Amino acid sequence: MTNRIRVAVVFGGRSNEHAVSCLSAGSVLRNLDPEKYEAVPIGITTEGGWVLGGAEVAALRRKDDELPSVDASGTALTLAPDPQRSGSLVALDDPGAALGSVDVVFPILHGPFGEDGTLQGMLELAGVPYVGPGVLASAAGMDKEFTKKLLAAEGLPIGEQVVLRPGVATLSAAERERLGLPVFVKPARAGSSLGITKVDDWSELDAAIAEARAHDPKVIVEAGIVGREVECGVLEFPDGRVEASVIAEIRMPDDDAPEFYDFDTKYLDDVCEFDVPAKLDDEVAEQIRELAVRAFRALDCQGLARVDFFVTADGPVINEINTMPGFTSISMYPRMWEATGIDYDVLISTLIETALARGTGLR
């Protein structure tokens, strides 16, 4: 047991996806092989405080409609006391020192201030290996504007969009004409479908922009695309191989279900159905898998990514890339790899071993 690899699982964070990160971390921590790994759970509060928690993470789960969170006071922190330690929480005045004492970091943070290259940059400076893409890919993957610019530069199929930067209130008449209706209004740098509104009439546009700007001052307005919503996981192995998983499809069969896969649908409601693998022609499925790997390379990703598509009458169109997809018990990324033949615990081990093999620095 003395030769176990010390893995810091960092979760929570300052973004609006704080609770989802806590759920993902709970799943990762429960599936770390205790014979191989020593888990070091580190929570980040919504205010940015870092706390070291105990080893018991059973409470990092959804309870009815309540989602977990990290609270430095301990009153709402979901980490229970570890009998081998004095108390359940230790405030980290120097997070870098704590991270420097581990072998590898699993930054299971979603959204800005964690998934966007900020934490990755700190780990590069500290020389600590970490799971997932580096600074460039994390930053580009978080920003929907630059994701599509990089994909377009590689000739990959993407939809139409308009970027509204701070100070630009709304779309011009020409932009409305080009995009048509419906459109989807989104924060440029957010995930988990937070702040997204479907607009079917231009009278709804300003309210939708305001909702998106509550999450991010930069807003994306995308043309609606008619097609089936599918996802594909990409995984890098320790020897450098990059492979794509089977395809998964998300369906909402209930007539009362939301018009798109929003936050409540993902994490609180039980209205979706999933096909893993998706019912697609072999030729289309293989095309999606090839496009997913090409998108992974276009952003210079490492470790993992989930690539989301629309399957249209004219072929697959890439919607977005998630460089640290959800790892909850219902998340599609681990589901797709399980259907491909890689169980959850093996998937976690592969990601950690790939991070250790890659190391840090220019590569």
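Conventions we followed
- Residue positions are given per chain, counted from 1 along the sequence in the order it is written.
- Reporting in this predicted model follows two pLDDT cut-offs: at least 70 for local features of residues, and 80 or more for side-chain atom pairs to be given and counted; totals over whole chains, interfaces and linings ignore these cut-offs and use all residues.
- Think of the side-chain values as coming from all heavy atoms in the structure, minus any hydrogens and water.
- UniProt positions are given in the numbering used here, feature names are shortened, and annotations may be inferred rather than shown by experiment.
- Paired strands, in this sense, are two strands between which DSSP finds at least two bridges.
- Going along the chain from the N terminus, every DSSP run of H or I of four or more residues is numbered as a helix, and every run of E of two or more is numbered as a strand.
- To define axes, lines are fitted to C-alpha atoms, for helices over the stretch in contact only, and angles between the resulting N-to-C directions are given on a 0 to 180 degree scale.
- We define a salt bridge as a side-chain nitrogen of Lys or Arg found within 4 Å of a carboxyl oxygen belonging to Asp or Glu.
- Any residue under 20% of the maximum accessible area for its type is buried, any over 50% is exposed, and the rest in between are partly exposed; the area is computed with a 1.4 Å probe on protein chains only.
- A contact between two residues is defined here by any heavy atoms of the two lying within 4.5 Å.
- The arc in question is the one traced by the directions running from the helix axis out to the C-beta atoms.
- Each Phe, Tyr or Trp ring (for Trp, its six-membered ring) is paired with any other whose centre lies within 6.5 Å, and the angle between the two planes then decides the class: stacked below 30 degrees, edge-to-face above 60, tilted in between.
- Only when the NZ atom of a Lys or the CZ atom of an Arg is both within 6 Å of the ring centre and within 35 degrees of the ring normal do we say a charge sits over the ring.

Under an unreviewed UniProt entry, the name given to the protein is D-alanine--D-alanine ligase, and the source organism is Nocardia xishanensis. We quote the UniProt Sequence similarities (unreviewed entry) comment for the protein here in full: "Belongs to the D-alanine--D-alanine ligase family." Quoted verbatim from the Function (unreviewed entry) field of the UniProt record, the comment on the protein reads "Cell wall formation."

Draft legend 1. Inspection of the sheet that holds strand 12 (residues 273–275) at higher detail. Strand order in this open sheet of 5 strands is 12-11-10-13-14, and the pairing throughout is antiparallel. Looking at strand neighbours, the two that pair on one side only are strand 12 and strand 14 (315–322), the edges of this open sheet. Ignoring which end each strand starts from, the neighbouring axes of this sheet average 30° apart. In this sheet, strand 13 (residues 304–312) lies alongside strand 10 (residues 228–236) in antiparallel orientation, the contact comprising 8 bridges. Within strand 13, the position partnered with Cys232 by the bridge is Val307.

Draft legend 2. Representation of the pattern of salt bridges in the model. Tallying each qualifying case throughout the model produces 20 salt bridges. Between Lys36 and Glu353 there is a salt bridge, with the nearest N and O atoms lying 3.2 Å from each other. Here Glu353 lies in helix 11 (residues 344–358) and Lys36 lies in the loop between helix 1 (18–31) and strand 2 (37–44), a separation of 317 residues in the sequence. Lys36 gets classed as partly exposed once you look at its relative accessible area, which sits at 34%. For Glu273, the salt bridge is made with Arg251, and the minimal N-O distance between the two is 3.1 Å. You can see Glu273 sitting in strand 12 and its partner Arg251 sitting in strand 11 (residues 242–251), a full 22 residues away along the chain. Classification of Glu273 by relative accessible area gives partly exposed; the value is 35%.

Draft legend 3. Quick peek at the sheet that holds strand 6 (residues 161–164). Across the sheet, which stays open at both edges, the 4 strands sit in the order 6-9-7-8 with antiparallel pairing between neighbours. Looking at strand neighbours, the two that pair on one side only are strand 6 and strand 8 (197–199), the edges of this open sheet. Averaged over all pairs of adjacent strands, the angle between their axes in this sheet comes to 25°, without regard to strand direction. Across 5 bridges, the pairing between strand 7 (residues 183–187) and strand 9 (residues 219–223) is antiparallel. Bridge pairing links Phe184 to Glu222 in strand 9. Relative to the sheet, helix 5 (residues 144–153) contacts strand 6, strand 7 and strand 9, its axis offset from that of strand 6 by approximately 140°. Here helix 7 (residues 205–213) sits on the sheet and contacts strand 6, strand 7, strand 8 and strand 9; the angle it forms with strand 7, its principal contact strand, is near 25°.

Draft legend 4. A look at helix 7. Listed in full, the buried residues belonging to helix 7 are Leu205, Ala208, Ile209 and Ala212. Viewed end-on, helix 7 has its buried residues packed into an arc of 100°, placing them on one side of the element. For helix 7, the elements touching its buried residues are strand 6, helix 6 (173–179), strand 7, strand 8 and strand 9.

Draft legend 5. The packing of aromatic side chains, seen in detail. Within this structure, the stated rule accounts for 4 aromatic pairs. Arranged with centres 5.7 Å apart and planes meeting at 55°, the rings of Phe327 and Tyr333 form a pair that is tilted. Of the two residues, Phe327 and Tyr333, neither departs from the other in class, the shared state being buried. Aromatic side chains Phe327 and Tyr344 sit 6.2 Å apart centroid to centroid with 80° between the ring planes, which places their arrangement in the edge-to-face category. Of this pair, Phe327 sits in the loop between strand 14 and helix 10 (332–340) while Tyr344 sits in helix 11, and the two are 17 residues apart along the sequence. Tyr344 shares its class with Phe327; the two are buried. Members of the aromatic cluster, connected to one another through ring pairs, are Phe106, Phe327, Tyr333, Trp337 and Tyr344. Residue placement shows Arg241 over the ring face of Phe237; its charged tip is 4.2 Å from the ring centre.

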